Each structure stands twice: as C-alpha cells, then as structure tokens.
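# Structural features, examined
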Amino acid sequence: MITILFTHPWHGSFNKAILDTVTAKLDKENKQYQVIDLVKDNFNPVMQEADLRLYSAGKAADPLVDKYQKMLKESDEVIFIYPMWWGMMPADLKGFFDKVLLVNFSHNYENGWTPLLTNIKRTLVFTTSQSPTANYKNFVEEVFLKTMLYPVGFQNGEWINCEGTSHGTNENRLEFLKKVEETV
C-alpha cells in the first residue's frame, strides 16, 4: 500500500496538481493507495496537555493519530507532498511527526534506539518553493530524511523540488509534473 501524505491549505494550489498527478499515475497502474490530507482532516498539529500526558506511554488523545498510525503500518511506500515555507515544512506536517511518531509505534528503546516502521521501503518527497532548491537541501536531506524519517525506519528517500513555483513559468511547472509522473 502507498500512503500519500499531503498538506496544503488551498486545493487550487500547484501542490494539489502534484497530488492529482501522483494519484492519476497510481490509478493508471492499478496500485493501491490512501491519502492523508492534513488540512481536509482538520488535523490539529498542536501538542496539547492531554497529548503530552499520554506521550511517554506512546499513546495519543487525538483519534486521528490512531488512524494515521494504522495507515502507516499498512504502507510499504510513503509519498510526501508539501510546500517549503520559511525553509522547512508547514507546521501541520511537523505536528504530524510530533503526535504520530510515538514510542512503540515508530521506534522503541528496548535495545537502544530501534526503528519500527521498517515496512516503509520507499520514501518520495515532492516539495515546492519559490527560492532555489539548493536553499532547502540541508533541511530536506539532512534533517527531514536523515534525522526524522530514517531513524524510525523509512527507507530509500528521494526528494524532488519544484523551484520558482509561484512566479516561475507554466512550462517549469508542467515539466515538474512530468518528472513527478516518471518518478512515482
């Protein structure tokens, strides 16, 4: 199963066009997928006192956490689609990691740090930005992939960014969508 984790508040955005390209390709190939749309789900990324009270036990107060954990456990591939804002991911995606990647779900400490999401064999990251891709290389490759995802078991990460999204040419965006389709 492929899980697509999408976040963008405007469903007329180029990020939504990327999502549509991904799902069209998967439909064409009859591949099973599921979409986590943090905005449509009204996911609250803010860690509340009730969440923190359960955090050390690897539990959550938010029922969406259980849903998302089940989806990730069923996945052998995860595709992230999000805009780069202020040099990193949107706040709701960061909150997803804070609230969903809990001890005894994504990792444990039984024999030192042990990743538990080793079922995820491929990780694709599609981002958009106005600034040059090089500006985000450290964040996506060193922080997002190597520090956040790989330690909990995600594998084989590949990142592709569309720079100049808002003020660039339509040709640039269309070429990027072709690249997305080829990559999926």
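Notes on the structure follow. (Residues numbered from 1 in each chain as written. Predicted model: local features only at pLDDT ≥ 70, side-chain atom pairs only at ≥ 80, totals over all residues. Heavy atoms only, no water.)

### Some thoughts on helix H5 (residues 137–149)
The end-to-end C-alpha distance of H5 is 15 Å, clearly below the 18 Å that 13 residues give at a rise of 1.5 Å each. Bending of H5 peaks at approximately 30° at the position of Val143. Of all the positions in H5, only Phe139, Val140, Phe144, Leu145, Met148 and Leu149 are classed as buried. Where H5 is buried, its residues contact strand S3 (77–83), helix H4 (91–100), strand S6 (122–128) and strand S7 (157–162). (Helix = DSSP H or I, 4+ residues; strand = E, 2+ residues; numbered from the N terminus. Expected span 1.5 Å × (residues − 1). Bend = angle between axes of the 7 residues up to and from the residue. Buried < 20%, exposed > 50% of the residue type's maximum accessible area, 1.4 Å probe, protein only. Contact = heavy atoms within 4.5 Å.)

### What about the side chain of Thr3?
Take Thr3: it is sitting in strand S1 (residues 2–6). Polar side-chain contacts of Thr3 include one of 2.4 Å to the side chain of Ser75. Non-local contacts of Thr3, meaning those with residues more than four positions away in its chain, are made with Gln34, Ile36, Met71, Ser75, Glu77, Val78 and Ile79. (Polar contact = N/O pair within 3.5 Å; in protein donor to acceptor, adjacent residues only side chain to side chain.)

### Re the pattern of salt bridges
For the structure shown, the criterion picks out twelve salt bridges. Put simply, Asp20 and Lys16 hold a salt bridge, and the shortest N to O gap is 2.6 Å. Of this pair, Asp20 and Lys16 are both found in helix H1 (residues 14–28), four residues apart, which corresponds to roughly one turn of the helix. Glu74 is the salt-bridge partner of Lys70, the closest N and O atoms lying 2.7 Å from each other. For Glu74, a relative accessible area of 35% gives the class partly exposed. It is possible to trace a salt-bridge network through shared partners that takes in Lys25, Glu29 and Lys31. (Salt bridge = Lys/Arg side-chain N within 4 Å of Asp/Glu carboxyl O.)

### Description of the sheet that holds S6
Strand order in the open sheet formed by five strands is S2-S1-S3-S6-S7, and the pairing between neighbours is parallel. Each edge of the open sheet is held by one strand with a lone partner, namely strand S2 (33–37) and S7. Within the sheet, the average angular offset between the axes of one strand and its neighbour, ignoring direction, is 15°. Bridge analysis of S3 against S6 gives seven bridges, and the strand direction is parallel. If you follow Glu77 over to S6, its bridge partner there is Arg122. Running over the sheet, helix H3 (residues 63–73) touches S1, S2 and S3 and is turned about 145° from S2. (Pairing = 2+ DSSP bridges. Axes fitted to C-alpha atoms, helices over the stretch in contact; angles between N-to-C directions.)

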